[in-house]
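Residues per chain are reported as follows:
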Protein chains: 2
Amino acid sequence: MASVRHRPLLLLLITLLAIPTSLSSQSIIQMPKKRHRVYASDDSLFCDSWRFSVETNDAGTWSNIPSRCVGFVQNYMTGARYPSDSAAVANFSLSFAKGVTIGGDGKDAWVFDIDETLLSNLPYYQAHGFGSETFDEASFDEWVELAEAPALPASLNLYSQLERLGFKIFLLTGRSEYQRNATAKNLLFAGYNNWERLLLRGPSDQGTLATVFKSQKRSDLINEGYRIHGSSGDQWSDLVGFAIAQRSFKLPNPMYYIA
Amino acid sequence: MASVRHRPLLLLLITLLAIPTSLSSQSIIQMPKKRHRVYASDDSLFCDSWRFSVETNDAGTWSNIPSRCVGFVQNYMTGARYPSDSAAVANFSLSFAKGVTIGGDGKDAWVFDIDETLLSNLPYYQAHGFGSETFDEASFDEWVELAEAPALPASLNLYSQLERLGFKIFLLTGRSEYQRNATAKNLLFAGYNNWERLLLRGPSDQGTLATVFKSQKRSDLINEGYRIHGSSGDQWSDLVGFAIAQRSFKLPNPMYYIA
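Residues numbered from 1 in each chain as written. Chains lettered and ligands numbered in written order. Predicted model: local features only at pLDDT ≥ 70, side-chain atom pairs only at ≥ 80, totals over all residues. Heavy atoms only, no water.

Per an unreviewed UniProt entry, chain A goes by Acid phosphatase and derives from Malus domestica. Taken directly from UniProt, the Sequence similarities (unreviewed entry) text for chain A runs: "Belongs to the APS1/VSP family." You can read under Function (unreviewed entry) in the UniProt record for chain A the words "May function as somatic storage protein during early seedling development." (UniProt positions renumbered as here; feature names shortened; annotations may be inferred.)

> Residue-level account of the sheet that holds strand β3 (residues 197-201) of chain B, with values.
Residues and elements named next belong to chain B. With parallel pairing, the five strands of this open sheet are ordered in space as β3-β2-β1-β4-β5. In this open sheet, the two edge strands, each paired with only one partner strand, are β3 and β5 (247-250). Geometrically, the sheet is characterised by an average inter-axis angle of 20° between neighbouring strands, direction not taken into account. Strand direction decides the pairing type here: strand β4 (residues 227-233) and β5, joined by four bridges, are parallel. Opposite S232, over in β5, you have F249 as the bridge partner. (Pairing = 2+ DSSP bridges. Helix = DSSP H or I, 4+ residues; strand = E, 2+ residues; numbered from the N terminus. Axes fitted to C-alpha atoms, helices over the stretch in contact; angles between N-to-C directions.)

> With reference to specific residues and values, describe the pattern of salt bridges.
A full pass over the atoms with the stated rule returns 28 salt bridges over all chains. Across the pair B:R51 and B:D48 runs a salt bridge whose closest N-O atoms are separated by 3.5 Å. Taken as a pair, B:R51 and B:D48 lie in helix α4 (residues 43-55) at a separation of three residues, close to a single helical turn. The class of B:R51 is buried, set by a relative accessible area of 5%. Among the salt bridges present, the one from B:D238 reaches B:K214, with a minimum N-O distance of 2.6 Å. Placement of B:D238 in the loop between β4 and β5 and of B:K214 in helix α11 (residues 210-223) is noted, with a sequence separation of 24 residues between them. A relative accessible area of 4% means that B:K214 is categorised as buried. Each of A:D48, A:R51, A:R81, A:D85, B:D48, B:R51, B:R81 and B:D85 takes part in one network of salt bridges that share partners. (Salt bridge = Lys/Arg side-chain N within 4 Å of Asp/Glu carboxyl O. Buried < 20%, exposed > 50% of the residue type's maximum accessible area, 1.4 Å probe, protein only.)

> Go over unusual backbone geometry, please, and point to the residues and values.
Residues and elements named next belong to chain B. Positive phi is not limited to glycine here, since E116 has a value of about 65°. Turning to its location among the elements, E116 is positioned in the loop between β1 (108-112) and α7 (122-126). Even without being a glycine, F130 presents a positive backbone phi close to 55°. Within the element layout of this structure, F130 appears in the loop between α7 and α8 (137-146).

Rendered as structure tokens:
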């Protein structure tokens, strides 16, 4: 979690595009040419396109969600769409995993990120503006210590099925070593068991970009002889860089960005 | 355009998930637990999550759009969402481009794909089921020869602004050399001018995956001393591989997939 969040210029751009917001979603049909460009004419359309840019990584580095999109993100995260998108990704992941030939040497690996991948911090973000507030590390760390984050249901199901198929499961998180006990406790509480290894940021990893830290850890696994078939994460920094998995699976997360 | 489209197993999976389709989008709110899993309970939700998986590349290789999603894709492509998503990507692209320091050596490059990036083949796909029909190379080639594909407005605007900023613009397409004249004619017809080079598949590039072909061509440009700051394409095969741009911008395309 604790990592780089910045580029206020993009937010400024988004805010500038957001100025003509008073019309309802119907108004664009009645008078599209009069006052507005299509993409800026209502919050729902604007925010859905913002979400497209975020989920495809087109947005690049960003800090908070646009203020006009708080309601949109709330609806997305607490309604049917977030579980639906998560389940679709899990289905494609499982479909791929079932086609992998598992060797007898115990070296077939799958890498999972934790936050917004295995565990959902939605209870925390619900109390903190769904990503519209500036990230507060102290209060988030308190939440982590509670060890009460629920599982993402689609990920829990995928995790169990991968285990059954014979994959060794590695958990690779931007959380720090001092959070190991709380993290393991939370994972068990949420229903996760039998991971091969839980990899957290050690003292020498502090200040490293998530992309680099996670690539290095995957590279270590490959050097140990593991074949990383799949990797699941809600951030592109979980998936790109070097030593990447054969297939990477991007889970939805319109609430925050980690470089 | 002409490239690899396969993996019928994924389509089978999607089709199996698609069986309970008879409820309206309201039904899920009234009785979500009764008969359906959330992600399969109505076409709109299912198809939007399918689109998420496609646009993030989670779906991997796929051939035709799910049959239950024809109406969804039609609405997306012909309504406000496609232009809105395209404009959001173009805005993030331009925002990045404005921050690039342009050298005096004419070596600052931007790479554009053509189909569904600079030119829209929507008129063709409207007449061919929005990606639900099996791709027919012969009829698509006839469409290309007509040279009547309109510009994607957001891309045309981005293109002009990049040119004004001092970028050298390279067009890198999976179209073949025999389509060079029709392609150039169409680009001019649609309002594009002054590209530095139009790179098409030559005889030795036939049968190469788009990812490899496009990576090789970008690599050639880098070897010529060009700095590829940005790359825009509707397919992940336009953007990934090697010799990738500093920033890559994925445009929307829920109609077809090219490996």
